[in-house]
Amino acid sequence: PEEIQQQIVRETFHLVLKRDDNICNFLEGGSLIGGSDYKLIYRHYATLYFVFCVDSSESELGILDLIQVFVETLDKCFENVCELDLIFHMDKVHYILQEVVMGGMVLETNMNEIVAQMEAQSRLEKSEGGLSAAPARAVSAVKNINLPEIPRNINIGDLNIKVPNLSQFV
């Protein structure tokens with residue numbers, strides 16, 4: 001539930017914020033996070049904190065390096081990343097994070113490869129007019145199909161598909 005998520009965020013914020021800048025960036029998870037079974041590993045950059053919660057078997061230095069790659073990639077994509085970039089471009093931030101980590105596994109740590117994938121995704125979205133235009137383009141494409149009549153049954157091997165009446169869309 002959202003209430004528990006908010007409690008976890010608050011607890012994490014208080015655990016990290018009260019730490020001095022001169023001490024290490026690893027600490028045990030709080031009571032809501034799972035206690036000693038989990039660790040919070042964080043980096044503080046200017047006004048931004050990046051916090052990863054990992055199980056106790058993860059390498060602290062490996063996660064610090066992962067955070068560094070993530071932040072440097074954000075910097076390259078947003079040209080000096082700030083809070084507003086993270087807030088107003090959350091979709092891009094999630095895309096970058098998914099290029100780095102997926103399902104708990106590190107996929108990519110080469111910053112140039114991550115940026116290249118991000119740029120390719122941006123080009124694809126621009127060429128398609130963005131995801132929000134996709135349904136309108138699909139309807140337009142169906143309308144522009146030059147068929148003498150709309151098929152009522154489509155047979156592909158053993159698969160038989162009955163097509164509903166689409167006259168309301170034409």
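Residues numbered from 1 in each chain as written. Predicted model: local features only at pLDDT ≥ 70, side-chain atom pairs only at ≥ 80, totals over all residues. Heavy atoms only, no water.

## Comments concerning the confidence of the model for the protein chain
Model confidence for the protein chain is summarised by a mean pLDDT of 82, while 81% of its residues fall at 70 or above. The secondary structure element of the protein chain with the lowest average pLDDT is helix α6 (residues 134-143), at 58, and the one with the highest is helix α2 (residues 60-78), at 92. (pLDDT = per-residue confidence, 0-100. Helix = DSSP H or I, 4+ residues; strand = E, 2+ residues; numbered from the N terminus.)

## Quick word on a nonpolar patch on the surface
A grouping of Phe-13, Leu-17, Tyr-49 and Val-51 is seen on the molecular surface, where their side chains present a nonpolar patch of about 340 Å² in accessible area. Elements with a minimum of two residues in the nonpolar patch: α1 (2-17) and β3 (48-55). (Patch = residues over 30% accessible without salt bridge, like charges linked within 9 Å, V, L, I, M, F, W, Y side chains within 5 Å. Areas by Shrake-Rupley, 256 points an atom, 1.4 Å probe, with all protein chains shown as cover. Salt bridge = Lys/Arg side-chain N within 4 Å of Asp/Glu carboxyl O.)

## Remarks on the sheet that holds strand β2 (residues 38-45)
Taken in spatial order, the 3 strands make up an open sheet running β1-β2-β3, and their pairing is antiparallel. At either end of the open sheet lies a strand with only one pairing partner, and these are β1 (26-28) and β3. In this sheet, adjacent strand axes meet at a mean angle of 25° when their direction is disregarded. Where β1 lies against β2, 3 bridges are found, and the strand directions are antiparallel. Bridge pairing in β2 places Glu-28 opposite Lys-39. Sheet contacts for α1: β1, β2 and β3; angle to β3, the most-contacted strand, approximately 110°. (Pairing = 2+ DSSP bridges. Axes fitted to C-alpha atoms, helices over the stretch in contact; angles between N-to-C directions. Contact = heavy atoms within 4.5 Å.)

## Topic: the packing of aromatic side chains
If you walk through the whole model with that rule in mind, you get 3 aromatic pairs. Between the aromatic rings of Tyr-42 and Tyr-49, the centroid separation amounts to 6.5 Å while the plane-to-plane angle is 45°, which identifies the pairing as tilted. Between the aromatic rings of Tyr-45 and Phe-50, the centroid separation amounts to 6.0 Å while the plane-to-plane angle is 75°, which identifies the pairing as edge-to-face. Accessibility expressed as a relative area gives 8% for Phe-50, which makes it buried. Every member of this aromatic cluster is reached through a ring pair, and the members are Tyr-45, Phe-50 and Phe-70. (Phe/Tyr/Trp six-rings, centres within 6.5 Å; stacked < 30°, edge-to-face > 60°. Buried < 20%, exposed > 50% of the residue type's maximum accessible area, 1.4 Å probe, protein only.)

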